[in-house]
Amino acid sequence: MALSFALRVTAARFVRPVAFTRTFASRLNDNRFQPGGGGPPIKTIKSSMDLPNLSVAEVTPAQTEASKAKKSAQGALVAAKQALADVAVKAKVLKQVAAEAADAEAKVLKRVAAEAADAEQAALENLTAKQADLDQATLAKKKADDDALTYLENAKAQNKQFLANAFDHFDTEKTGVIKQEHIPGILREIGYPAGHEEVEELMGAVDHALDGTMTRKAWIKSLPLDIKNALQNHPDAQKWSS
């Protein structure tokens with residue numbers, strides 16, 4: 001509907017009544033539109049009496065009346081010819097002005113339609129480009145997510161291996177368990193406070209069997225985060241990571 005309104009508004013500039021009237025009035029005075037001025041010849045009507053022009057003296061009243069009637073008829077004929085010429089000129093001007101107005105309107109409509117088609121094509125190309133951008137961004141996001149999952153899985157595996165190596169280091173008896181009595185020495189070895197409270201807190205997290213020991217599995221699964229971070233201070237931490 002917006003486009004239809006724009007077409008009507010644009011086309012209206014070329015077919016305004018005032019401009020049409022001015023064009024019509026100016027061309028009425030243009031010699032090209034007058035009889036013999038380059039246009040088609042004005043239609044005329046032949047006399048129904050092709051008689052020779054005889055000069056006879058008027059000696060009877062009938063001649064006088066006939067002469068007056070003839071002159072009157074001749075004047076009427078001249079007036080009729082002029083009226084026909086005027087009407088023909090007006091008709092020619094009106095026809096041409098109307099044709100030009102229609103042509104101008106058609107050109108405007110054609111131009112507006114072409115502009116609308118160009119705008120539609122540009123919008124389509126823009127949409128296609130944006131869709132391509134979205135597709136590319138979607139693929140990039142999926143790759144980033146996959147890389148992140150891979151990183152997390154690797155980090156998880158590395159962390160598990162780190163903790164397993166650390167446990168094996170502290171499991172000096174190689175029994176697969178670490179007794180509570182060894183906990184203070186382990187905490188001091190990694191630079192962590194080794195008081196009664198810290199020992200009890202650690203055992204509360206990893207002594208799943210409540211028998212005063214921690215297994216390798218419990219150490220890996222339940223070791224508190226601050227203890228894990230403290231393990232990085234151990235001299236062999238780099239070796240545990242490999």
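Residues numbered from 1 in each chain as written. Predicted model: local features only at pLDDT ≥ 70, side-chain atom pairs only at ≥ 80, totals over all residues. Heavy atoms only, no water.

A. Broad picture of the overall build of the chain. Counting its secondary structure elements, the chain contains eight helices and two strands. Burial analysis of the chain (242 residues in total) assigns 19% to the buried set. When contacts within the chain are restricted to residue pairs at least 6 apart in sequence, those whose partners lie at least 24 apart make up 62%. (Helix = DSSP H or I, 4+ residues; strand = E, 2+ residues; numbered from the N terminus. Buried < 20%, exposed > 50% of the residue type's maximum accessible area, 1.4 Å probe, protein only. Contact = heavy atoms within 4.5 Å.)

B. Highlighting the packing of aromatic side chains. This model, assessed by the stated rule, comprises four aromatic pairs. An aromatic cluster is present here, built from Phe162, Phe167, Phe170, Trp219 and Trp240 joined pairwise through their rings. (Phe/Tyr/Trp six-rings, centres within 6.5 Å; stacked < 30°, edge-to-face > 60°.)

C. Quick look at the environment of Trp240. Within the secondary structure, Trp240 sits in helix α8 (residues 237-241). For Trp240, a relative accessible area of 3% gives the class buried. Considered as a pair, Trp240 and Ala166 are 74 residues apart in the sequence and their alpha carbons are 6.3 Å apart. If we skip the residues at most four places from it in the chain, Trp240 touches Gln161, Phe162, Asn165, Ala166, His169, Phe170, Leu231 and His234.

D. Structural view of the nonpolar core. Within the largest apolar cluster, 25 residues are counted, with the highest numbers of intra-cluster contacts made by Phe170, Ile183, Met214, Trp219 and Leu231. When contributions to this core are tallied by element, the ones reaching two or more residues are α3 (61-170), α4 (183-189), α5 (196-206), α6 (216-222), α7 (225-231) and α8. Once residues lying within four places of it in the same chain are set aside, the contact partners of Ile183 are Ile178, Val199, Leu202, Met203 and Met214. (Core = buried A, V, L, I, M, F, W, Y, C linked by side-chain atoms within 4.5 Å.)

E. Here's a closer look at α5. Here α5 has its buried residues at Val199, Leu202, Met203 and Val206. Angularly, the buried residues of α5 cover 95 degrees about the axis, an arc narrow enough to put them on a single face. Counted as exposed and oriented over 90 degrees from the buried face of α5: Glu197, Glu201 and Gly204. Packing partners of the buried residues in α5 comprise α4, β2 (213-215), α6 and α7. (Arc of directions from axis to C-beta.)

F. The pattern of salt bridges, seen in detail. The tally for this structure, following the rule as stated, stands at six salt bridges. Close ionic contact of Lys107 with Asp103 constitutes a salt bridge, the shortest N to O distance being 3.4 Å. A residue pair is termed a helical-turn pair when its members lie 3 or 4 positions apart in one helix, as Lys107 and Asp103 do in helix α3 at four residues. Classification of Lys107 by relative accessible area gives exposed; the value is 55%. Assessed through its relative accessible area of 40%, Asp103 is described here as partly exposed. The salt bridge partner of Arg216 is Asp168, with a shortest N-O separation of 3.0 Å. Taken together, the residues span a long stretch of sequence, with Arg216 in helix α6 and Asp168 in helix α3 at a distance of 48 residues. (Salt bridge = Lys/Arg side-chain N within 4 Å of Asp/Glu carboxyl O.)

G. Expanded view of the confidence of the model for the chain. Across the chain, the average pLDDT comes to 80, with 77% of residues at 70 or higher. Here helix α1 (residues 2-12) is the element of the chain with the lowest mean pLDDT, 44, and strand β1 (residues 177-179) is the one with the highest, 95. Every residue in residues 1-15 is under pLDDT 50, and counting partners more than four places away or in other chains gives 15 contacts. (pLDDT = per-residue confidence, 0-100.)

H. Highlighting the side chain of Thr213. One can find Thr213 in strand β2. Look at Thr213 and you get buried, because its relative accessible area is 16%. Side chain to side chain, Thr213 and Asp211 meet in a polar contact 2.7 Å long. Those residues in contact with Thr213 that lie beyond four places of it in its chain are Val177, Ile178, Lys179, Met203, Val206 and Asp207. (Polar contact = N/O pair within 3.5 Å; in protein donor to acceptor, adjacent residues only side chain to side chain.)

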